[in-house]
Amino acid sequence: MINLDDYKLKTIEEGLTKIEFPEYEKVSSDAPVFYNPHMELNRDISILALQTFQKEQNREIDICDLFGGSGIRGVRYKNEIDGVGHVSINDISELANEFEQHNVNLNNLEDISIHNHDASMFLRQNRGKFDVIDIDPFGTPSPFLDSAGYCARRESLLCVTATDTSALCGTYKEPCIRKYNSKPYKSEYCHETGIRILAGFCALTLSKYAKCIEVLLSHSTEHYMRLYLKVKKGSKRSDESLKNIGYISHCKECLYRECNKGLATSIPDTCPECGEKLIQAGPLWLGEIQNKDFISKMIKESENKKLNSQNQLLKLLNACLIESESPATFYDVHSICRSLKISAPKLDLIFDEIRNNGFECEKTHFSPIGIKTNAPINKIKNILKKLESE
Ligand SMILES: C[S@@+](CC[C@H](N)C(=O)[O-])C[C@H]1O[C@@H](n2cnc3c(N)ncnc32)[C@H](O)[C@@H]1O
Ligand SMILES: [Zn+2]
């Protein structure tokens, strides 16, 4: 039995919940019990997503916090979300388990159990028991997705964090191929490509268990990516859903890009605009990555909750909402202007001009200088040149 009195404790408050854990020097996986204050926004958004999901399901939901750490997710989910049944908090570290129990007691909560298993083993032993599975590991979630696919029940919610963004964004190509069986490409929209690679890998992995995904919300924030996936069951549905897997072909010379759905589809080799060789990224998810209806409900739900990151999360959720019906990939104004050797016109003017030309045009949470539009690259270049000369 570990004696908590041996540790100098730090106390923090998030939402309506108080948590204690051993004080540490800096955030790292070497901390005796892991707690990262920079993830509060992630946890606050999770509170809204799980509450929205619970209301949509209109029943009690049982939750699995698979990588508990201090237990902050599981404890907050039970403490701050209505309609929660049993919460299971799992962690491979016994010390983490001690603090998870301590934090359950600190918040006077019942109907929470603490477990000490390898994450995959825990899911395999509890097939079909959870309405929500939250995967928040160190680094990549990839090794745990098979067990999540095996365990997930129909009409459930799968939440996935990935902190190995350098692999997903293509800074290092091999780790992405190894972990996600997908080729990344480090373009100006690589964070979106990364999220699509992660979603595509989830879809392909779950399809082995005749389950498919609908992406409800996805965001790339600071050092991590996070997906909220609705899981449905059925082989026909899975076949249908996999039609969203495909490739992005990119020209680094003129910034042209195109998306082609299909795993074994033919992909163009050369750029139709300038004749340069195209670079391919994928397989990845080319379906929706933001669900307008779900995100609108989350924004409404934020009025009912006390969340420290309220302003920041509303900014992020509204940005995700705005981009929800836009095409895959975005253009980076500075990259295009650099290639044209002109200075960048004001962003508002660019948006107005693209719309005046009859195209859709929206901002994106992925980048403050990103444009999501159905206008082709040459049209955008002409608009930028015209605006710059005025
Ligand atoms: C990133 S931390 C979890 C953070 C926590 N969810 C939060 O929001 O603060 C990852 C945790 O996973 C645990 N862990 C590492 N490998 C594991 C495995 N194979 N199975 C279960 N837990 C594991 C670590 O002990 C650590 O507490
Ligand atoms: Zn080109």
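Residues numbered from 1 in each chain as written. Chains lettered and ligands numbered in written order. Predicted model: local features only at pLDDT ≥ 70, side-chain atom pairs only at ≥ 80, totals over all residues.

Engineer: Any chance you could explain the site of ligand 1 here in plain terms?
Structural biologist: Around ligand 1 sit 20 residues in total, of which F67, G69, I92, A119 and D136 are the nearest. Along the lines of polarity and charge, the residues of the shell around ligand 1 split into 10 nonpolar, 5 polar and 5 charged. (Near = placed C-beta within 6 Å. Nonpolar A, V, L, I, M, F, W, Y, C, P; charged D, E, K, R; others polar.)

Engineer: How should the UniProt feature "binding site: Zn(2+)" (unreviewed entry) in the chain be read in this particular structure?
Structural biologist: Here, UniProt's "binding site: Zn(2+)" (unreviewed entry) annotation points to C251, C254, C271 and C274. Separation in sequence by 24 residues is not matched in space for these annotated residues, since their most distant C-alpha atoms are only 8.6 Å apart. By the element assignment, C254 lies in the loop between strand 10 (245-250) and strand 11 (257-261). Taking the C-beta count within 10 Å as the criterion, C254 has 17 such neighbours and is therefore assigned partly exposed. Discounting residues that sit within four places of it in the chain, C254 has contacts with C271, E273, C274, E276 and I377. For C271, the position within the fold is in the loop between strand 11 and strand 12 (279-285). Residues contacting C271, with those up to four places away along its chain left out, are C251, E253, C254, Y256, E276 and L278. (UniProt positions renumbered as here; feature names shortened; annotations may be inferred. Helix = DSSP H or I, 4+ residues; strand = E, 2+ residues; numbered from the N terminus. Buried ≥ 20, exposed ≤ 12 C-beta atoms within 10 Å, placed from the backbone. Contact = placed C-beta atoms within 7 Å.)

Engineer: Any chance you could explain the sheet that holds strand 4 (residues 84-90) here in plain terms?
Structural biologist: By way of backbone hydrogen bonds, the strands of a sheet pair with one another, either parallel or antiparallel. The strand order across the open sheet formed by 7 strands is 5-4-3-6-7-9-8, and the pairing between neighbours is mixed. On the outer flanks of this sheet lie strand 5 (112-115) and strand 8 (211-221), each paired with one strand and no other. Each strand of the sheet is rotated relative to its neighbour by a mean of 15°, with strand direction disregarded. As paired elements, strand 4 and strand 5 share 4 bridges and run parallel to each other. By the bridge assignment for strand 5, S88 is matched with S113. Across the sheet, helix 1 (residues 40-57) is in contact with strand 3 (61-65), strand 6 (132-135), strand 7 (156-162), strand 8 and strand 9 (224-233); its angle to strand 7 comes to roughly 165°. (Pairing = 2+ DSSP bridges. Axes fitted to C-alpha atoms, helices over the stretch in contact; angles between N-to-C directions.)

Engineer: Where do I start with the nonpolar core in this structure?
Structural biologist: Side chains of nonpolar character tend, in soluble globular proteins, to be buried together. Ranked by size, the top nonpolar core spans 107 residues in total, and within it V132, I133, L198, C202, A203 and L229 carry the most contacts. Ranked by residue count, the leading element in this core is helix 8 (residues 190-207), at 10 residues. The two domains that each donate at least three residues to this core are domain 1 (4-325) and domain 2 (331-389). Excluding anything up to four places from it in sequence, V132 contacts L50, F53, I61, I63, C64, S156, L157 and C159. (Core = buried A, V, L, I, M, F, W, Y, C linked by C-beta atoms within 7 Å. Domains from an automatic or database assignment.)

Engineer: Any chance you could explain the confidence of the model for the chain here in plain terms?
Structural biologist: Interpreting fine coordinate detail is not advised for predicted regions of low pLDDT. Chain-level pLDDT for the chain is 97 on average; 100% of the residues reach the 70-or-more range. At the level of chain-chain contacts, confidence expressed as ipTM amounts to 0.99, with global pTM at 0.97. (pLDDT = per-residue confidence, 0-100.)

Engineer: I'm lost on the sheet that holds strand 14 (residues 361-364) in this one. Help?
Structural biologist: Here we have 3 strands laid out as an open sheet, ordered 13-15-14, and antiparallel in their pairing. Two strands close off the open sheet at either side, each with one partner strand: strand 13 (331-332) and strand 14. As judged from the 2 bridges shared by strand 13 and strand 15 (residues 367-373), these two strands associate in the antiparallel manner. Paired with Y331 across the strands is I371, a residue of strand 15.

Engineer: Help me understand the pairing of strand 2 (residues 17-22) in this model?
Structural biologist: The side chains of a regular strand alternate, residue by residue, between the two faces of the sheet. Here strand 1 (residues 9-14) pairs with strand 2 via 6 bridges, running antiparallel. Within strand 2, the residue paired with T11 across the bridge is E20. The turn linking strand 1 back onto strand 2 is made up of 2 residues, and G15 within it adopts a positive phi angle of 55°.

Engineer: In this structure, what is going on with the packing of helix 1 against helix 10 (residues 292-301)? I would like to understand it.
Structural biologist: Two quantities define a packed helix pair, namely the angle between the axes and the distance from one axis to the other. Viewed as axis vectors pointing N to C, helix 1 and helix 10 meet at an angle of 110°, and their least axial separation amounts to 9 Å. Looking at the two axes, helix 1 sits roughly perpendicular to helix 10. When you trace helix 1 past helix 10, the crossing you get is right-handed. Contacts between helix 1 and helix 10 involve L48, A49, Q51 and T52 on the former and, on the latter, F294, K297, M298 and E301. Here the contact of helix 1 with helix 10 is composed, by residue class, of 4 nonpolar, 2 polar and 2 charged. (Parallel < 35°, antiparallel > 145°, perpendicular 65-115°, else oblique. Left-handed = near helix turned anticlockwise from the far one by under 90°.)

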